[in-house]
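Coordinate inspection notes
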Amino acid sequence: MADQFGDARPGRGHRALASLHRAGKVPAVITQNIDNLHQASGFSPQHVVELHGNTTFATCLDCNARYELAWVRQRMDAANGCAPDCPSCGGYIKTATVSFGQAMPDAAMQRAQDLALHCDLFLAIGSSLLVWPAAGFPLMAKRNGAKLAIINREATEFDEIADLVVRQDIGTVLESFIVH
C-alpha cells in the first residue's frame, strides 16, 4: 500500500486535532484508519487507539514481534516475492492491520471501550458510523452520559441522538477550536 498511500500527509483536521491533544483537550483518538497520519500529525502512539491496526509496519501473527516494512521488502525481494517467516518463532509476518475474518485486537478494543465509558464528550469525526464494532463507541459514550458531537460531511444514523451535528469540512471546523 506504500505505493498508493506512502506520500500521504496529515491534513488540517489531523493537525488541528493534534493541537487540541497537546493543549490537553483531547486525551486520545480512536481510529479505524490504518495510515499512521494521527501519529505523523503529533499524537504520540500511546494516545492513538488503532482499531484496525497500522499499515506502516508488520508484525508476526504468532508472537507479535514488530518488523519494519523495509526489512520485510528486502527479504521478499531476496525470496522471489515470498514473505519471510518470523526469525523469532517461525510464524507468519504481515502488515499490522486487521484483515477480513481476523479478530479485532483485544487491547485496542478494551482501550476504546474505557475511553468511551469515561469521557464527558465524544467527538465522532469524519466517520459514516456504519462500520461495527467501531460505530458502537459513540453510542456507548452517549448511553453512559457523555455528550455526542458528530462532525461529518454526510448524514449518519446517529445524527438524531447527537447533541451536536456539524456537516462541514473537518479541518475548517477543528481549526476554529485550536488554542493559540
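On a predicted model such as this, the values are computed, not experimentally measured, just so you know.

**Observations concerning the overall build of the protein chain**
Along its length, the protein chain carries seven helices and eight strands. Taken along the three principal axes of its C-alpha coordinates, the protein chain extends 55 × 30 × 30 Å. Out of the 180 residues belonging to the protein chain, those deemed buried represent 38%. Within the protein chain, contacts between residues at least 6 apart in sequence are counted, and of these 50% link residues at least 24 apart. Mean positive and mean negative side-chain charge positions of the protein chain (15 and 18 charges, respectively) differ by 6 Å.

**Focus: the packing of aromatic side chains**
Enumeration over the complete set of coordinates arrives at two aromatic pairs. Between Tyr67 and Trp71, the aromatic rings sit 4.8 Å apart at their centres with planes inclined by 25°, giving stacked as the arrangement. With a centroid separation of 6.3 Å and an interplanar angle of 85°, the aromatic rings of Trp132 and Phe158 are classed as edge-to-face. Separated by 26 residues along the polypeptide, Trp132 in the loop between β6 (121-125) and α6 (136-143) and Phe158 in the loop between β7 (147-151) and β8 (164-166) bring together distant segments of the chain. By relative accessible area, Phe158 is classed as buried at 9%. Lying across the ring of Phe57, Arg66 places its NZ or CZ 3.8 Å from the centre.

**Here's the deal with the environment of Gln32**
Structurally, the position occupied by Gln32 is in the loop between β1 (29-31) and α3 (37-41). Residue classification places Gln32 among the partly exposed residues on the basis of a relative accessible area of 24%. Linking Gln32 and Ser127, residues 95 residues apart in sequence, is a C-alpha distance of 9.1 Å. Non-local contacts of Gln32, meaning those with residues more than four positions away in its chain, are made with Leu51, His52, Ser127, Val131 and Ala134.

**Concerning the sheet that holds strand β5 (residues 93-97)**
Pairing is antiparallel across the open sheet formed by three strands, whose spatial order is β4-β3-β5. Of all the strands in the sheet, the pair left with one neighbour each is β4 (66-68) and β5. Taken pair by pair, the neighbouring strands of this sheet meet at an average axis angle of 50°, ignoring direction. Relative to β5, strand β3 (residues 53-60) runs antiparallel, the two sharing five bridges. Its bridge partner lying in β5, Cys60 is registered against Ile93.

**Examining the nonpolar core**
General note: in soluble globular proteins, nonpolar side chains tend to be found buried as a group. Judged by nonpolar contacts, the single largest core of 18 residues is most densely connected at Leu51, Phe122, Ala124, Phe137, Leu148 and Ile150. Elements with a minimum of two residues in this core: α5 (106-117), β6, α6 and β7. Ranked by residues supplied to this core, first place goes to α5 with four residues. Setting aside its immediate chain neighbours within four residues, Ile150 contacts Ala124, Leu129, Thr156, Phe158, Asp159, Ala162, Leu164, Val165 and Val166.

**Let's talk about the pairing of β6**
Burial of the side chains of β6 is restricted to one face: Phe122 and Ala124 are buried, whereas none of Leu121, Leu123 and Ile125 on the reverse face is. Looking at chain direction, β6 and β7 are connected through five bridges and run parallel. Among the inter-strand pairings, Leu121 is bridged to a residue of β7, identified as Lys147. In this region the chain leaves β6, passes through α6 and returns to the parallel neighbour β7; the handedness of that crossover is right-handed.

Conventions used here
Residues numbered from 1 in each chain as written. Predicted model: local features only at pLDDT ≥ 70, side-chain atom pairs only at ≥ 80, totals over all residues. Heavy atoms only, no water. Helix = DSSP H or I, 4+ residues; strand = E, 2+ residues; numbered from the N terminus. Buried < 20%, exposed > 50% of the residue type's maximum accessible area, 1.4 Å probe, protein only. Contact = heavy atoms within 4.5 Å. Lys, Arg positive; Asp, Glu negative; His and termini not counted. Charge placed at Lys NZ, Arg CZ, Asp CG, Glu CD. Phe/Tyr/Trp six-rings, centres within 6.5 Å; stacked < 30°, edge-to-face > 60°. Lys NZ or Arg CZ within 6 Å of the ring centre and 35° of its normal. Pairing = 2+ DSSP bridges. Axes fitted to C-alpha atoms, helices over the stretch in contact; angles between N-to-C directions. Core = buried A, V, L, I, M, F, W, Y, C linked by side-chain atoms within 4.5 Å. Right-handed = clockwise from strand over helix to strand, strands pointing away.

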